[in-house]
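# Fold and geometry: a report
Read off the chains here:
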Amino acid sequence: MRSRQGIIELFTTFLELDADRAIGWAIDARLRRSMVNCQASLPQPETSENFWISYWYKQWHNSVQNPAQSLGKQHLVSYLQEVCYWSAQKVAQKAAQGNSSGQYSLSDCFQMAIMRVDKVLKGFKPDVGFNLKNYGSVVFSCELKEILRSQNEIEICTNWRLLRKLSHKRLVESLQNAGYGADMIPSYVLVWRCYIELYAPEQPTGTRRLPKPDEATWKAISQLYNLERHTQLSVSGKESNSETVEKWLVTCAKAVRSYLYPSMTSINAATNSDNAGELQDILPQLQQESILTEMIAVEEKNERQLQRQQISDFIVTAIKELDNEAQKIIQLYYSQELTQQQIAKELEMKQYTVSRRLSKTKDTLLIKLATWCQESMHISLNSSVLDYVSTILEEWLQNHYSSNSMPLGENS
DNA sequence: GATCTCCATAAGATGGGACT
DNA sequence: AGTCCCATCTTATGGAGATC
């Protein structure tokens, strides 16, 4: 890609992209006029990038109250083209190397990133020394990674898990969106209700990979459906068997997927219609937010909380398994915040003995916790993971005892 | 041989006073 | 207010001997 030359080009041109390479720079005549006029109004020509960043940033900032002055944003979008291009290239390359499922071209990544330019401008703080290029690079990369991650999350969530997380309202909307009418939707909804009742009545916990129900469950679901269709449906619908209920539920999941997370299509892709235009010609103005992404974020938060609770429970149990003297030392040191010298006096031993016991006890807890992490969370242990686990343990001991004056029970 | 205890001491953290 | 120096406190650890 040819670098832009001169201050006017830097703030008035836009990148032209093929699927995965930059072709050149297109000049925007209106922006060019705007730059030339502004230059002319200054006592002497200004060639500093920082001056113009600051100038157009202020314009953009004011335009939030006065949209008539929205030129500032367009000049900044032009300026950020290169940064956006490099971020898109980096992310697109990584996605291509990894097993990321979204087949996005560089051009797609660029388009997705540049759409987030408002995030760059809103977070940018010129008065505290931010550099717009660096800041833009970080924000574009993070946003792109987030988009790809969300897409990946959707795809690793099984149909059965997706159906379990769904609300009744959302299912009906999805089926309507997929073109199903009032003749079929009640049957789909009823079979979905039977599925929830018989297969996954508990609230979902951590896993996104809820497996497919077994044959016996399918049978039970179809029996329940056949029983209830006479009372629950206004027109009692067709008799179903294991195969049809599974087929219907897969149809529901498909409808939900396409409703909640429409598949990304390259903006430059040709449409199937006869006039062979590009999709961008008919692109709707409004971007549909991914509701599913939100659901997954909530789930992840719950997972982290659950994990913290599990770690805490494990450490409490591990401490109870220590001998009385070790428990006492831990308690006096972390809970009562005595020095090793004071503990030594209390327990009639030497300071160095307390020190050695304390570090040995912590080693014991560390080994137990690390082993448990390895087994229950499938984390492979290396020195940095051990350091991390050690920090978690130390923080837990400090926080736990400072917030709980938990008297440690005698060994039983 | 592994573990514990003891002693001496190193290393780091903290606090107070003098000085600019 | 910030910095430097020094004394003191706290904790960790190497090495030697005792014990299991």
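Residues numbered from 1 in each chain as written. Chains lettered and ligands numbered in written order. Predicted model: local features only at pLDDT ≥ 70, side-chain atom pairs only at ≥ 80, totals over all residues. Heavy atoms only, no water.

This part covers the pattern of salt bridges. Applying the stated criterion to the full structure yields six salt bridges. The closest approach of N and O atoms between arginine 4 and glutamate 82, which form a salt bridge, is 3.2 Å. Separated by 78 residues along the polypeptide, arginine 4 in the segment before α1 (7-12) and glutamate 82 in helix α5 (residues 81-97) bring together distant segments of the chain. For the pair arginine 4 and glutamate 82, one class covers both residues: buried. The closest approach of N and O atoms between glutamate 325 and arginine 357, which form a salt bridge, is 1.7 Å. Separated by 32 residues along the polypeptide, glutamate 325 in helix α15 (residues 324-335) and arginine 357 in helix α17 (residues 351-377) bring together distant segments of the chain. (Salt bridge = Lys/Arg side-chain N within 4 Å of Asp/Glu carboxyl O. Helix = DSSP H or I, 4+ residues; strand = E, 2+ residues; numbered from the N terminus. Buried < 20%, exposed > 50% of the residue type's maximum accessible area, 1.4 Å probe, protein only.)

Attention now moves to the protein's contact with DNA strand B. Taken together, Lys350, Tyr352, Thr353, Arg356, Arg357 and Lys360 make up the full set of residues adjacent to DNA strand B. Looking at DNA strand B alone, sugar and phosphate atoms form 58% of those within 4 Å of the protein. For DNA strand B, a phosphate oxygen lies 2.9 Å from a polar atom in the side chain of arginine 357. Within the side chain of lysine 360, a nitrogen or oxygen atom sits 3.2 Å from a phosphate oxygen of DNA strand B. A per-class count over the surface near DNA strand B returns one nonpolar, one polar and four charged. (Near = heavy atom within 4 Å. Polar contact = N/O pair within 3.5 Å; in protein donor to acceptor, adjacent residues only side chain to side chain. Nonpolar A, V, L, I, M, F, W, Y, C, P; charged D, E, K, R; others polar.)

In this section: the protein's contact with DNA strand C. Taken together, Tyr333, Thr339, Gln340, Gln351, Tyr352, Ser355 and Arg356 make up the full set of residues near DNA strand C. Between DNA strand C and serine 355 there is a distance of 3.1 Å, counted from a phosphate oxygen to a side-chain nitrogen or oxygen. Looking at which element gives the most residues to the surface near DNA strand C, the answer is α17, with four residues. Its residues assigned to classes, the surface near DNA strand C comprises two nonpolar, four polar and one charged.

Note on aromatic pairs: each is described by the distance of the centres and the angle between the planes. In the structure shown here, the tally under the stated rule is 13 aromatic pairs. Judged by centre distance (5.1 Å) and plane angle (90°), the ring pair of phenylalanine 51 and tryptophan 52 falls under edge-to-face. On the basis of relative accessibility, which here comes to 0%, the residue tryptophan 52 falls in the buried class. Geometrically, the ring pair formed by tyrosine 188 and tryptophan 248 is edge-to-face, given 5.8 Å between the ring centres and 90° between the ring planes. Note that tyrosine 188 is positioned in helix α11 (residues 185-198) and tryptophan 248 in helix α13 (residues 242-260), a separation of 60 residues in sequence. Classification of tyrosine 188 by relative accessible area gives buried; the value is 6%. Counting every residue linked through ring pairs, the aromatic cluster contains Phe51, Trp52, Tyr55 and Trp56. Over the face of the ring belonging to tryptophan 25 we find arginine 4, whose NZ or CZ atom lies 4.2 Å from the ring centre. (Phe/Tyr/Trp six-rings, centres within 6.5 Å; stacked < 30°, edge-to-face > 60°. Lys NZ or Arg CZ within 6 Å of the ring centre and 35° of its normal.)

Turning to the packing of helix α2 (residues 29-41) against helix α3 (residues 49-63), a few remarks are in order. Between α2 and α3, the least distance of the axes is 13 Å, while the angle of their chain directions is 110°. Between α2 and α3, the interaxial angle falls into the category roughly perpendicular. Judged by residue contacts, Ser34, Met35, Cys38 and Gln39 of α2 engage Trp52, Tyr55 and Trp56 from α3. (Axes fitted to C-alpha atoms, helices over the stretch in contact; angles between N-to-C directions. Parallel < 35°, antiparallel > 145°, perpendicular 65-115°, else oblique. Contact = heavy atoms within 4.5 Å.)

Here serine 141 is to be found in helix α8 (residues 132-156). A polar side-chain atom of serine 141 sits 2.9 Å from the main-chain carbonyl oxygen of serine 137. Apart from residues no more than four positions distant in its own chain, serine 141 is found in contact with Ser87 and Val91.

Looking now at the confidence of the model for chain A. Residues with a pLDDT of 70 or more make up 73% of chain A, whose mean pLDDT is 74. Across chain A, α1 holds the top mean pLDDT of 88, while α8 sits lowest at 71. Confidence drops under pLDDT 50 across residues 263-290; counting only partners more than four residues distant or on other chains, this segment forms 30 contacts. Taken together, the stretch residues 405-412 has pLDDT below 50 and engages in 17 contacts with residues farther than four places along the chain or on a different chain. (pLDDT = per-residue confidence, 0-100.)

Turning our attention to the side chain of glutamate 82. Under the relative-accessibility criterion, glutamate 82 is labelled buried at 11%. Excluding residues that lie within four positions of it along the chain, glutamate 82 makes contacts with Met1, Ser3, Arg4, Leu10 and Trp25.

Working note: a packed helix pair is described by the angle between its axes plus the distance between those axes. Where α2 contacts helix α4 (residues 71-79), the two axes come as close as 11 Å, and the packing angle between them is 105°. Here α2 lies roughly perpendicular to α4, going by the angle between them. In this structure, α2 contributes Arg30, Leu31, Ser34 and Met35 to the contact, and α4 contributes Leu71, Gln74 and His75. Broken down by class, the residue content of the contact of α2 with α4 amounts to three nonpolar, three polar and one charged.

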